[in-house]
Amino acid sequence: MLNAGAWLDETAFILGGGFTLTAEIAERVRGRKTIVLNSTSRLAPWADVLMFADWPWFREHRPIVDNWPGAVLTISRRASRVLPEKVQLVPPPITRTDKLSVGHHAVDVAMWLGAKRIVLLGFDCRLVDGQSHNHQDYSNSHPVLYTTWLLPAWADYPERARKRRVEIVNATPGSAIDVFPQISLDRLLGDITESPAETNSGPAVGAAGPGKFGSVDLHPIAPSRAVTSTPTQGAA
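The rules behind each value
Residues numbered from 1 in each chain as written. Predicted model: local features only at pLDDT ≥ 70, side-chain atom pairs only at ≥ 80, totals over all residues. Heavy atoms only, no water. Helix = DSSP H or I, 4+ residues; strand = E, 2+ residues; numbered from the N terminus. Buried < 20%, exposed > 50% of the residue type's maximum accessible area, 1.4 Å probe, protein only. Contact = heavy atoms within 4.5 Å. Areas by Shrake-Rupley, 256 points an atom, 1.4 Å probe, with all protein chains shown as cover. Salt bridge = Lys/Arg side-chain N within 4 Å of Asp/Glu carboxyl O. Pairing = 2+ DSSP bridges. Right-handed = clockwise from strand over helix to strand, strands pointing away.

A. Spotlight on the overall build of the chain. Within the chain one finds 8 helices and 9 strands. For the chain, with 236 residues in total, the buried portion stands at 51%. For the chain, long-range pairs separated by at least 24 residues make up 63% of all intrachain contacts whose partners lie at least 6 apart in sequence. Of the roughly 10,600 Å² of accessible surface on the chain, 52% is carried by carbon and sulfur atoms.

Encoded structure:
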(Lines give C-alpha, C1' and ligand atoms only; values in the text may rest on other atoms or scores of the structure.)
Protein backbone atom coordinates (compact mmCIF):
# COMPACT_ATOMS: atom_id res chain seq x y z
CA MET A 1 0.00 0.00 0.00
CA LEU A 2 1.42 3.34 -1.08
CA ASN A 3 0.84 6.44 1.01
CA ALA A 4 1.05 10.17 0.33
CA GLY A 5 4.65 11.37 0.32
CA ALA A 6 6.13 7.90 -0.18
CA TRP A 7 8.39 9.29 -2.93
CA LEU A 8 9.15 12.59 -1.25
CA ASP A 9 11.65 14.69 -3.24
CA GLU A 10 12.33 11.85 -5.70
CA THR A 11 12.42 11.98 -9.49
CA ALA A 12 9.56 9.87 -10.84
CA PHE A 13 9.47 8.42 -14.34
CA ILE A 14 6.10 7.67 -15.97
CA LEU A 15 6.22 5.17 -18.83
CA GLY A 16 3.35 5.71 -21.24
CA GLY A 17 2.14 3.70 -24.21
CA GLY A 18 3.62 5.79 -27.02
CA PHE A 19 5.46 4.16 -29.90
CA THR A 20 8.81 5.83 -29.18
CA LEU A 21 9.18 3.94 -25.91
CA THR A 22 11.03 0.65 -26.25
CA ALA A 23 12.19 -1.95 -23.74
CA GLU A 24 15.75 -0.66 -24.21
CA ILE A 25 14.76 2.90 -23.36
CA ALA A 26 12.69 1.77 -20.39
CA GLU A 27 15.63 -0.25 -19.11
CA ARG A 28 17.65 2.94 -18.82
CA VAL A 29 15.46 4.15 -15.95
CA ARG A 30 15.33 0.82 -14.16
CA GLY A 31 16.12 1.26 -10.49
CA ARG A 32 14.52 4.70 -10.34
CA LYS A 33 11.03 5.50 -9.10
CA THR A 34 8.81 4.41 -11.97
CA ILE A 35 5.11 4.20 -12.80
CA VAL A 36 4.25 2.11 -15.86
CA LEU A 37 0.89 2.45 -17.57
CA ASN A 38 -1.39 -0.29 -18.84
CA SER A 39 0.12 -2.67 -21.42
CA THR A 40 3.47 -0.89 -21.41
CA SER A 41 4.01 -3.02 -18.31
CA ARG A 42 5.30 -5.71 -20.68
CA LEU A 43 8.30 -3.48 -21.41
CA ALA A 44 9.03 -2.73 -17.76
CA PRO A 45 7.85 -5.61 -15.53
CA TRP A 46 10.25 -4.32 -12.87
CA ALA A 47 8.55 -0.92 -12.43
CA ASP A 48 7.62 0.13 -8.90
CA VAL A 49 4.01 0.82 -9.82
CA LEU A 50 1.60 -0.51 -12.43
CA MET A 51 -1.26 1.88 -13.04
CA PHE A 52 -4.41 1.43 -15.11
CA ALA A 53 -7.60 3.44 -15.32
CA ASP A 54 -10.43 1.30 -16.60
CA TRP A 55 -12.23 -1.95 -15.91
CA PRO A 56 -11.95 -3.35 -19.48
CA TRP A 57 -8.15 -3.23 -19.34
CA PHE A 58 -8.17 -5.00 -15.98
CA ARG A 59 -10.60 -7.64 -17.22
CA GLU A 60 -8.58 -8.37 -20.34
CA HIS A 61 -5.17 -8.27 -18.65
CA ARG A 62 -5.90 -9.80 -15.28
CA PRO A 63 -2.81 -12.08 -15.33
CA ILE A 64 -0.53 -9.03 -15.52
CA VAL A 65 -2.16 -7.60 -12.41
CA ASP A 66 -2.23 -10.93 -10.55
CA ASN A 67 1.49 -11.47 -11.10
CA TRP A 68 2.69 -7.90 -10.67
CA PRO A 69 5.42 -7.83 -7.99
CA GLY A 70 5.01 -4.18 -7.05
CA ALA A 71 2.16 -1.82 -6.26
CA VAL A 72 -0.92 -1.68 -8.51
CA LEU A 73 -2.96 1.54 -8.62
CA THR A 74 -6.21 2.36 -10.39
CA ILE A 75 -9.10 4.79 -10.53
CA SER A 76 -11.47 1.89 -11.27
CA ARG A 77 -13.57 1.25 -8.19
CA ARG A 78 -14.85 -1.96 -9.73
CA ALA A 79 -11.35 -3.38 -10.20
CA SER A 80 -10.33 -2.45 -6.66
CA ARG A 81 -13.41 -4.19 -5.29
CA VAL A 82 -12.69 -7.36 -7.24
CA LEU A 83 -9.08 -7.58 -6.07
CA PRO A 84 -8.81 -5.38 -2.97
CA GLU A 85 -5.74 -7.14 -1.59
CA LYS A 86 -3.80 -6.34 -4.77
CA VAL A 87 -5.29 -3.24 -6.41
CA GLN A 88 -5.16 0.08 -4.57
CA LEU A 89 -7.76 2.69 -5.46
CA VAL A 90 -6.51 6.26 -5.90
CA PRO A 91 -9.76 8.25 -5.87
CA PRO A 92 -10.31 12.02 -5.91
CA PRO A 93 -8.84 14.27 -4.70
CA ILE A 94 -5.65 12.28 -5.42
CA THR A 95 -6.81 12.00 -9.02
CA ARG A 96 -9.23 14.27 -10.83
CA THR A 97 -12.91 13.70 -11.49
CA ASP A 98 -12.49 14.77 -15.12
CA LYS A 99 -12.54 12.09 -17.80
CA LEU A 100 -8.82 11.88 -18.48
CA SER A 101 -6.31 9.35 -19.75
CA VAL A 102 -4.39 7.15 -17.35
CA GLY A 103 -1.33 9.27 -18.17
CA HIS A 104 -2.97 12.40 -16.76
CA HIS A 105 -4.00 10.52 -13.63
CA ALA A 106 -0.50 9.09 -13.22
CA VAL A 107 0.98 12.58 -13.10
CA ASP A 108 -1.45 13.45 -10.30
CA VAL A 109 -0.47 10.26 -8.48
CA ALA A 110 3.25 11.08 -8.81
CA MET A 111 2.61 14.50 -7.26
CA TRP A 112 0.60 12.86 -4.46
CA LEU A 113 3.51 10.52 -3.82
CA GLY A 114 5.69 13.57 -3.27
CA ALA A 115 7.88 13.49 -6.38
CA LYS A 116 9.65 16.78 -6.99
CA ARG A 117 10.41 15.94 -10.62
CA ILE A 118 8.21 14.00 -13.03
CA VAL A 119 9.61 12.73 -16.31
CA LEU A 120 7.32 11.61 -19.13
CA LEU A 121 8.48 8.83 -21.46
CA GLY A 122 6.29 7.29 -24.14
CA PHE A 123 3.89 10.25 -24.15
CA ASP A 124 3.78 10.70 -27.94
CA CYS A 125 0.11 11.59 -28.46
CA ARG A 126 0.56 11.24 -32.19
CA LEU A 127 0.55 8.78 -35.06
CA VAL A 128 3.56 8.19 -37.30
CA ASP A 129 3.59 5.70 -40.18
CA GLY A 130 0.38 4.21 -38.84
CA GLN A 131 1.84 3.55 -35.38
CA SER A 132 0.74 5.17 -32.13
CA HIS A 133 1.56 2.63 -29.39
CA ASN A 134 4.40 0.38 -28.33
CA HIS A 135 1.94 -2.53 -28.29
CA GLN A 136 -0.99 -3.78 -30.36
CA ASP A 137 -3.69 -3.76 -27.68
CA TYR A 138 -5.50 -0.67 -28.98
CA SER A 139 -6.71 0.36 -32.40
CA ASN A 140 -6.11 3.89 -33.63
CA SER A 141 -9.02 6.30 -33.22
CA HIS A 142 -10.01 9.49 -34.97
CA PRO A 143 -7.57 12.41 -34.67
CA VAL A 144 -10.26 14.63 -33.19
CA LEU A 145 -9.87 12.87 -29.85
CA TYR A 146 -6.34 14.22 -29.57
CA THR A 147 -7.20 17.76 -30.53
CA THR A 148 -10.39 18.01 -28.50
CA TRP A 149 -9.56 15.84 -25.48
CA LEU A 150 -6.13 14.38 -24.72
CA LEU A 151 -3.91 17.31 -25.65
CA PRO A 152 -6.12 20.13 -24.25
CA ALA A 153 -6.41 18.21 -20.98
CA TRP A 154 -2.73 18.90 -20.27
CA ALA A 155 -3.17 22.68 -20.42
CA ASP A 156 -3.49 23.37 -16.69
CA TYR A 157 -0.91 20.83 -15.49
CA PRO A 158 2.07 23.21 -15.61
CA GLU A 159 0.34 25.66 -13.28
CA ARG A 160 -0.91 22.91 -10.98
CA ALA A 161 2.62 21.52 -10.78
CA ARG A 162 4.08 24.98 -10.14
CA LYS A 163 1.77 25.48 -7.17
CA ARG A 164 3.05 22.23 -5.71
CA ARG A 165 6.66 23.09 -6.55
CA VAL A 166 6.97 20.13 -8.88
CA GLU A 167 8.92 20.06 -12.15
CA ILE A 168 7.41 18.14 -15.06
CA VAL A 169 9.56 17.50 -18.14
CA ASN A 170 8.87 15.54 -21.30
CA ALA A 171 11.62 13.19 -22.48
CA THR A 172 9.50 11.79 -25.32
CA PRO A 173 11.12 12.68 -28.68
CA GLY A 174 8.73 14.58 -30.92
CA SER A 175 5.86 14.47 -28.44
CA ALA A 176 2.75 16.39 -29.46
CA ILE A 177 2.36 17.51 -25.83
CA ASP A 178 3.86 21.00 -25.90
CA VAL A 179 3.04 22.39 -22.45
CA PHE A 180 6.09 20.90 -20.70
CA PRO A 181 9.78 21.56 -21.33
CA GLN A 182 11.34 18.85 -23.48
CA ILE A 183 14.73 17.28 -22.89
CA SER A 184 16.59 14.31 -24.27
CA LEU A 185 16.85 11.30 -21.99
CA ASP A 186 20.64 11.31 -22.34
CA ARG A 187 20.94 14.83 -20.96
CA LEU A 188 18.33 14.18 -18.33
CA LEU A 189 19.99 11.09 -16.90
CA GLY A 190 23.36 12.79 -16.94
CA ASP A 191 21.94 15.69 -14.97
CA ILE A 192 20.28 13.45 -12.40
CA THR A 193 23.54 11.59 -11.88
CA GLU A 194 25.66 14.71 -11.55
CA SER A 195 23.32 17.30 -10.08
CA PRO A 196 23.59 18.11 -6.35
CA ALA A 197 19.81 18.51 -6.40
CA GLU A 198 19.64 14.75 -6.00
CA THR A 199 21.71 14.80 -2.80
CA ASN A 200 20.70 15.75 0.71
CA SER A 201 22.94 18.81 0.52
CA GLY A 202 21.38 20.07 -2.71
CA PRO A 203 18.94 22.93 -3.21
CA ALA A 204 15.34 22.79 -2.06
CA VAL A 205 12.47 21.49 -4.14
CA GLY A 206 11.68 23.85 -6.98
CA ALA A 207 15.12 25.47 -6.82
CA ALA A 208 15.76 25.00 -10.52
CA GLY A 209 14.65 28.11 -12.34
CA PRO A 210 12.24 28.35 -15.27
CA GLY A 211 13.48 26.39 -18.26
CA LYS A 212 15.97 24.44 -16.16
CA PHE A 213 16.19 20.86 -15.00
CA GLY A 214 18.92 20.95 -12.37
CA SER A 215 21.97 22.28 -14.20
CA VAL A 216 20.73 21.47 -17.71
CA ASP A 217 19.00 23.97 -19.99
CA LEU A 218 15.71 22.58 -21.28
CA HIS A 219 14.89 23.11 -24.92
CA PRO A 220 12.46 21.76 -27.50
CA ILE A 221 13.39 18.50 -29.21
CA ALA A 222 12.55 18.62 -32.89
CA PRO A 223 10.47 15.68 -34.14
CA SER A 224 12.58 13.29 -36.19
CA ARG A 225 9.64 12.04 -38.24
CA ALA A 226 6.60 13.59 -39.85
CA VAL A 227 3.69 13.92 -37.45
CA THR A 228 0.03 13.21 -38.01
CA SER A 229 -2.05 13.49 -34.86
CA THR A 230 -4.36 10.69 -33.93
CA PRO A 231 -5.93 9.68 -30.65
CA THR A 232 -4.93 6.90 -28.38
CA GLN A 233 -6.16 5.17 -25.34
CA GLY A 234 -4.05 5.57 -22.24
CA ALA A 235 -1.21 8.05 -22.45
CA ALA A 236 0.40 7.43 -25.80
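B. The arrangement of unusual backbone geometry in detail. Pro 93 follows Pro 92 through a cis peptide bond whose omega is 10°. By secondary structure assignment, the location of Pro 93 is in the loop between strand 5 (87-89) and helix 5 (102-112). Within the chain, Asp 9 stands out as a residue other than glycine whose phi angle is a positive 65°. Take Asp 9: it is sitting in the segment before strand 1 (11-15). A relative accessible area of 37% places Asp 9 in the partly exposed class. Its identity as a non-glycine residue notwithstanding, Arg 165 has a phi of 60°, on the positive side. Along the chain, the position of Arg 165 falls in the loop between helix 7 (157-163) and strand 7 (167-170).

C. Geometry of the pattern of salt bridges. Across all of its chains, the model carries 9 salt bridges by this definition. Between Glu 27 and Arg 30 there is a salt bridge; the shortest N-O distance is 3.3 Å. Between Arg 160 and Asp 108 there is a salt bridge; the shortest N-O distance is 2.6 Å. Here Arg 160, found in helix 7, pairs with Asp 108, found in helix 5; they are 52 residues apart in sequence, far enough to count as distant. Judged by relative accessible area, which is 1%, Asp 108 ranks as buried. Residues joined in a network through salt bridges with shared partners are Arg 96, Asp 98 and Asp 156.

D. Representation of the pairing of strand 4 (residues 71-74). Here strand 3 (residues 49-52) pairs with strand 4 via 4 bridges, running parallel. Pairing of Met 51 across the sheet is with Leu 73, part of strand 4. Alignment of strand 4 against strand 5, held across 3 bridges, turns out to be parallel. Looking at the pairing, Leu 73 lines up with Gln 88 of strand 5. Taken together, strand 4, helix 4 (residues 77-82) and strand 5 constitute a β-α-β crossover, and its handedness is right-handed.

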